[in-house]
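# Chains, contacts and geometry: an overview
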Amino acid sequence: MSDQVTLTQFIIEQQRGLPDASGTFTLLLNNIVTACKQISNRVNRGALIGVLGSAGTENVQGEVQKKLDIITHDIMVRALNWSGQVGGMASEETDDPIKVPTQYPKGKYLVLFDPLDGSSNIDINLTVGTIFSILRCREGMDPETEDFLRKGNEQVCAGFVLYGPSTMLVITTGKGVNGFTLDQDVGEFILTHRNMRIPEETDEFAINMSNQRFWEPPVQQYIDECVTGVDGVRSKNFNMRWVASLVADVYRILTRGGIFLYPADLRDPSKPGKLRLMYEANPMAFIIEQAGGVCTTGREAILDIKPQTIHQRVPLILGSKTEVERITDYYSQYDQANT
Ligand SMILES: O=P(O)(O)OC[C@H]1O[C@](O)(COP(=O)(O)O)[C@@H](O)[C@@H]1O
Ligand SMILES: [Mg+2]
Ligand SMILES: [Mg+2]
């Protein structure tokens, strides 16, 4: 239809009027998006092309890699090299940042990504996704690990693509959050969800209840009050959802509100939470906050954390403002009573 807005048109429109806009960001984004269309195709064809199942290898965090973890990583790296717009990249699937080979020009962006989020769901045909975070760097530089370790509030863009019933892209450049649906017939992402806003109130929570015995008291209290429903202090019933794909849980919250918790886990002090700061929590925090929600560890805003390592894990609590603020109150009351 003639009034449809494609992703490229939308980004050009957003950049128009910016004094230092040179078109390089649009080029970078086009390459990321092309990679995600290729990933969408592989995920969609699944068993037909033999890409399901385990690769029999482990990544830096000791997690068993799926074949598609590796395939999607390779697709992203190739597209980013070809874009000529990146100085370097970092992926969930490699220990160290990835350098741009000498035959490609080096650009002024760093891209960090989780090429396949929710990969434990791939073999059971549930929604998975790709998450990316974009930072600026000095043009032409060969970045070291230290150059990537920047706070989330320095991101210039964050997004994720959902491979679900529809393939969708959700993106922010710091001017709100917009959602695009892939029109498979024409191969373009079309703007379908303009200016997404998270409802401030909610009665839906998302948490992996099997970890309950390892939670700290503020989380125990919060979830206990939700589960007690009308019979407890909340005086209302709550619903629960847990897809176990961050992309799908965050998309639901962007659409109808809710709170997501993967809190600090007392099991192993070296793993404060499960999710990774730089390519899961930071991009989601940028998106959630741009949509009017809140994103925290319970004690600190995610976007204010100075990263120590590329694969650092963080506790992650995000979603509808009033609920996230309620749980951060529980944390501060608990910490005050225990210091
Ligand atoms: O299996 P659990 O413990 O419920 O964890 C689910 C979480 O782990 C993740 O799958 C981790 O992502 P990866 O698949 O990229 O490792 C998140 O998407 C999800 O929120
Ligand atoms: Mg992930
Ligand atoms: Mg992953």
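- Naming follows an unreviewed UniProt entry, where the protein appears as Fructose-1,6-bisphosphatase class 1 of Methylomonas paludis.
- What the UniProt record of the protein gives under Subunit (unreviewed entry) is the line "Homotetramer."
- Here the protein is described in UniProt, under the heading Sequence similarities (unreviewed entry), as follows: "Belongs to the FBPase class 1 family."

### Section: the packing of helix α2 (residues 24–45) against helix α3 (residues 67–83)
- Close contact between α2 and α3 brings their axes to 9 Å; oriented N to C, the two are set at 155°. One way to sum up the angle between α2 and α3 is to call them roughly antiparallel. In this structure, the crossing between α2 and α3 has a hand that is right-handed. Along its contact with α2, which presents Leu27, Leu28, Asn31, Ile32, Thr34, Ala35, Gln38, Ile39, Arg42 and Val43, the element α3 presents Leu68, Ile71, Thr72, Ile75, Met76, Ala79, Leu80, Trp82 and Ser83.
- When the residues that make up the contact of α2 with α3 are grouped by side-chain class, the tally is 13 nonpolar, 5 polar and 1 charged.

### Structural notes on the domain arrangement of the protein
- Along its sequence, the protein is carved into domain 1 (7–193) and domain 2 (204–337).
- Between the C-alpha centres of domain 1 and domain 2 the distance comes to 24 Å.
- Across the contact, 36 residues belong to domain 1 and 28 residues belong to domain 2.
- Mapped onto the side of domain 1 that touches domain 2, the elements with two or more residues apiece are β5 (109–117), β6 (128–136), α4 (145–148), β7 (157–163) and β8 (167–172).
- Per-element accounting of the side of domain 1 that touches domain 2 gives the leading share, 5 residues, to β6.
- Per-class residue counts for the side of domain 1 that touches domain 2 are 16 nonpolar, 16 polar and 4 charged.

### Focus: the site of ligand 1
- Around ligand 1, the neighbouring residues are Glu92, Asp114, Asp117, Gly118, Ser119, Ser120, Asn208, Ala244, Ser245, Leu246 and Lys274.
- Here the residues of the shell around ligand 1 are counted per class, giving 2 nonpolar, 5 polar and 4 charged.
- Both domain 1 (7–193) and domain 2 (204–337) contribute no fewer than three residues apiece to the shell around ligand 1.

### Quick notes on unusual backbone geometry
- Here the phi dihedral of Asn195 falls at roughly 50°; this positive angle occurs in a residue that is not glycine.
- Locating Asn195 in the fold gives a position in the loop between β10 (188–193) and β11 (204–207).
- Note on Asn195: 12 C-beta atoms within 10 Å, which makes it exposed.
- A positive phi angle is found at Ala244, which is not glycine, with a value near 70°.
- Among the structural elements, Ala244 can be located in the loop between β12 (239–240) and α6 (246–256).
- A tally of 14 C-beta atoms within 10 Å means that Ala244 is categorised as partly exposed.

### A few points about the sheet that holds strand β17 (residues 316–319)
- Pairing is mixed across the open sheet formed by 5 strands, whose spatial order is β12-β11-β13-β17-β15. Strand pairing shows two members of the sheet lacking a second neighbour, β12 and β15 (294–296), which therefore form its edges.
- Note: β15 against β17, 3 bridges, orientation antiparallel. Bridge pairing in β17 links Cys295 to Leu318.

### Structural notes on the sheet that holds β6
- In spatial order, the strands read β4-β3-β5-β6-β7-β8-β9-β10; together these 8 strands make up an open sheet with mixed pairing. At either end of the open sheet lies a strand with only one pairing partner, and these are β4 (98–99) and β10.
- Packed onto the sheet, α6 meets β5, β6, β7, β8 and β9 (177–183) and runs at close to 105° relative to β7.

### A look at the UniProt feature "binding site: Mg(2+) 1" (unreviewed entry) in the protein
- Per the UniProt record, "binding site: Mg(2+) 1" (unreviewed entry) is annotated on Glu92, Asp114 and Leu116. Over a stretch of 25 residues, the named residues converge on one spot in the fold, their C-alpha atoms separated by at most 8.9 Å.
- Looking at Glu92, the number of C-beta atoms within 10 Å reads 26, which means it is buried.
- If near-sequence neighbours (up to four positions away) are discounted, Glu92 is found in contact with Asn59, Asp114, Pro115, Arg276 and Tyr279.
- Structurally, Leu116 can be placed in strand β5.
- Excluding anything up to four places from it in sequence, Leu116 contacts Leu68, Asp69, Thr72, Val128 and Thr130.

Definitions and cut-offs
Residues numbered from 1 in each chain as written. Chains lettered and ligands numbered in written order. Predicted model: local features only at pLDDT ≥ 70, side-chain atom pairs only at ≥ 80, totals over all residues. UniProt positions renumbered as here; feature names shortened; annotations may be inferred. Axes fitted to C-alpha atoms, helices over the stretch in contact; angles between N-to-C directions. Helix = DSSP H or I, 4+ residues; strand = E, 2+ residues; numbered from the N terminus. Parallel < 35°, antiparallel > 145°, perpendicular 65-115°, else oblique. Left-handed = near helix turned anticlockwise from the far one by under 90°. Contact = placed C-beta atoms within 7 Å. Nonpolar A, V, L, I, M, F, W, Y, C, P; charged D, E, K, R; others polar. Domains from an automatic or database assignment. Near = placed C-beta within 6 Å. Buried ≥ 20, exposed ≤ 12 C-beta atoms within 10 Å, placed from the backbone. Pairing = 2+ DSSP bridges.

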